[in-house]
Amino acid sequence: MINYNPKDWFTFIFQVHKADTIRKLWPLMISVAIFSAIIAFLELNYLKLAETTYVKNIGMMHNLLGFVISMLLVFRTNTSYDRWWEGRRLLGSLTNVSRNFAIKIKSLKLNEEHIEFFEYGIPKYAFALKEHLREKQYFGKNSFLIEVDGGKHIPNQVAASISSKVFELQAAGNISQEQLIILNADVQQFTDICGGCERIKNTPIPYSYSAFIKKFIFIYVITLPFGWVFSLGYFVVPIVPFILYVLASLELIAEEIENPFGSDANDLPVDEICNNIEKHVEQILR
């Protein structure tokens, strides 16, 4: 995730960051500029359509469809941002649950062996979830404390090990039945958070909707030179690619943030959150 000063306008305007959409769109923008130049040359110098009123009126279609495409893009970006924000809320809940669980474990005055298990197990769940959402596997250091099978759902295995440990403590008389119920509620929240994150990751925007927007933007932009060349002349060469940049950038941004658990520039700071959980749990239990 990019950390920045929202009040620094100069940097926003003149600096081209690696996450800027122009880096991805410039080949297509150049192609559209060349296409616009060819259309302008043919209509103004070869076909001489300046007096053809029917071709001039193509711009009426763009006036009508401009409102439609703007509404589609607003809905698209809002939907993606909702997914991004919900992901942030879930990761915030993971942080809070990890801290609260560690505080309760600390209050039980358990022996060093049990403290070491939870000091390792709580952060391991966060790291295992992070790698699971990125379709990777996390085994962690000191894996002998919590053994996992790489062919299965690793976050579930870690949560099951933590839950088993809590029940073992109750069976051994280290904690009471009431304390077991309190601790078990926190363990259940771990899997609830995992399910929420998986729901975001595994439910993309419907294919037909995403494909339609891309086709709509392409057709809208590619037909602009035909009608605008009579009023703008060769100025369509820079203007049409700029319109493409604005419309396509909104779609690209929405694509990037709709799965917020990856490693793109605008994704959530999942690595930093996991490192903070590990640091805070260690501070609490030590």
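Look above for the structure.
So, a few notes on the structure that sits alongside this text. Bear in mind the structure is a predicted one, so any value in this text is a computation, not a measurement.

Cut-off values and rules
- Residues numbered from 1 in each chain as written.
- Predicted model: local features only at pLDDT ≥ 70, side-chain atom pairs only at ≥ 80, totals over all residues.
- Heavy atoms only, no water.
- Helix = DSSP H or I, 4+ residues; strand = E, 2+ residues; numbered from the N terminus.
- Areas by Shrake-Rupley, 256 points an atom, 1.4 Å probe, with all protein chains shown as cover.
- Buried < 20%, exposed > 50% of the residue type's maximum accessible area, 1.4 Å probe, protein only.
- Lys, Arg positive; Asp, Glu negative; His and termini not counted.
- Salt bridge = Lys/Arg side-chain N within 4 Å of Asp/Glu carboxyl O.
- Contact = heavy atoms within 4.5 Å.
- Polar contact = N/O pair within 3.5 Å; in protein donor to acceptor, adjacent residues only side chain to side chain.
- Phe/Tyr/Trp six-rings, centres within 6.5 Å; stacked < 30°, edge-to-face > 60°.
- Lys NZ or Arg CZ within 6 Å of the ring centre and 35° of its normal.
- Axes fitted to C-alpha atoms, helices over the stretch in contact; angles between N-to-C directions.
- Parallel < 35°, antiparallel > 145°, perpendicular 65-115°, else oblique.
- Left-handed = near helix turned anticlockwise from the far one by under 90°.
- Nonpolar A, V, L, I, M, F, W, Y, C, P; charged D, E, K, R; others polar.
- Expected span 1.5 Å × (residues − 1).
- Arc of directions from axis to C-beta.

### Regarding the overall build of the chain
Right, so step 1: Per the secondary structure count, the chain includes eleven helices and zero strands.
Right, so step 2: Sequence-ordered secondary structure for the chain, helices as α and strands as β, is α-α-α-α-α-α-α-α-α-α-α.
Right, so step 3: Surface accessibility of the chain: about 16,200 Å² in total, with carbon and sulfur atoms responsible for 60%.

### Details of the side chain of E256
Right, so step 1: Inspection of the secondary structure assignment puts E256 in helix α10 (residues 236-257).
Right, so step 2: Notably, E256 is buried but unbridged: the nearest opposite-charge side chain belongs to K24, and the N-O separation is 4.3 Å.
Right, so step 3: Apart from residues no more than four positions distant in its own chain, E256 is found in contact with K24, D264, A265, N266 and D267.

### Points about the side chain of D267
Right, so step 1: Structurally, D267 is set in the loop between α10 and α11 (270-285).
Right, so step 2: Buried D267, no salt bridge; nearest opposite-charge side chain is R134, N-O distance 6.8 Å.
Right, so step 3: For D267, the side chain forms a polar contact with the main-chain nitrogen of G262, separated by 3.5 Å.
Right, so step 4: A distance of 3.4 Å separates the side chain of D267 from the backbone nitrogen of S263, its partner in a polar contact.

### Side note on the packing of aromatic side chains
Right, so step 1: Counted under the stated rule, the structure contains nine aromatic pairs.
Right, so step 2: Between F35 and F226 the ring centres are 6.1 Å apart and the planes differ by 65 degrees, which places this aromatic pair in the edge-to-face class. Remark: F226 occurs in helix α9 (residues 224-232) and F35 occurs in helix α2 (residues 22-46); sequence separation between them is 191 residues.
Right, so step 3: Residue class for F35 comes out partly exposed when judged on its relative accessible area of 27%.
Right, so step 4: In this structure F226 comes out as partly exposed when scored by relative accessible area, which is 28%.
Right, so step 5: When the ring of F101 is compared with that of F190, the centres are 6.1 Å apart and the planes differ by 90 degrees; the resulting orientation is edge-to-face. Highlighted residues: F101 in helix α4 (residues 59-107) and F190 in helix α7 (residues 177-201), separated in sequence by 89 residues. Like F101, the residue F190 is buried in the burial classification.
Right, so step 6: Members of the aromatic cluster, connected to one another through ring pairs, are F101, F117, F118, Y125 and F190.
Right, so step 7: The aromatic ring of F117 is capped on one face by K165, whose charged end is 5.3 Å from the ring centroid.

### Points about the packing of α2 against α9
Right, so step 1: For the pair α2 and α9, interaxial distance at closest approach is 9 Å and the crossing angle is 55 degrees. Classified by the angle between their axes, α2 and α9 sit oblique to one another. Crossing hand, α2 versus α9: right-handed. Residue-level inspection shows F35, S36, I39, A40, E43 and L44 of α2 in contact with α9, the latter providing P225, F226, V229 and F230.
Right, so step 2: Residue classes in the contact of α2 with α9 are distributed as eight nonpolar, one polar and one charged.

### Digging into the pattern of salt bridges
Right, so step 1: For the coordinates displayed, the defined rule picks out twelve salt bridges.
Right, so step 2: Among the salt bridges present, the one from R76 reaches E251, with a minimum N-O distance of 3.3 Å. Here the residue R76 occupies a position in helix α4, and E251 occupies one in helix α10, the gap between them amounting to 175 residues. Take R76 and E251: they sit in the same class, and that class is buried.

### Observations regarding α11
Right, so step 1: Compared with an ideal rise of 1.5 Å per residue, which puts 16 residues at 22 Å, α11 spans 23 Å between its outermost C-alpha atoms and is within 8% of the ideal.
Right, so step 2: Within α11 the residues assigned to the buried category are V270, I273, C274, I277, H280, V281 and L285. End-on view of α11: buried residues confined to an arc of 130 degrees, all on one side of the axis.
Right, so step 3: Residues of α11 that are buried in the fold lie against α4 and α5 (112-133).

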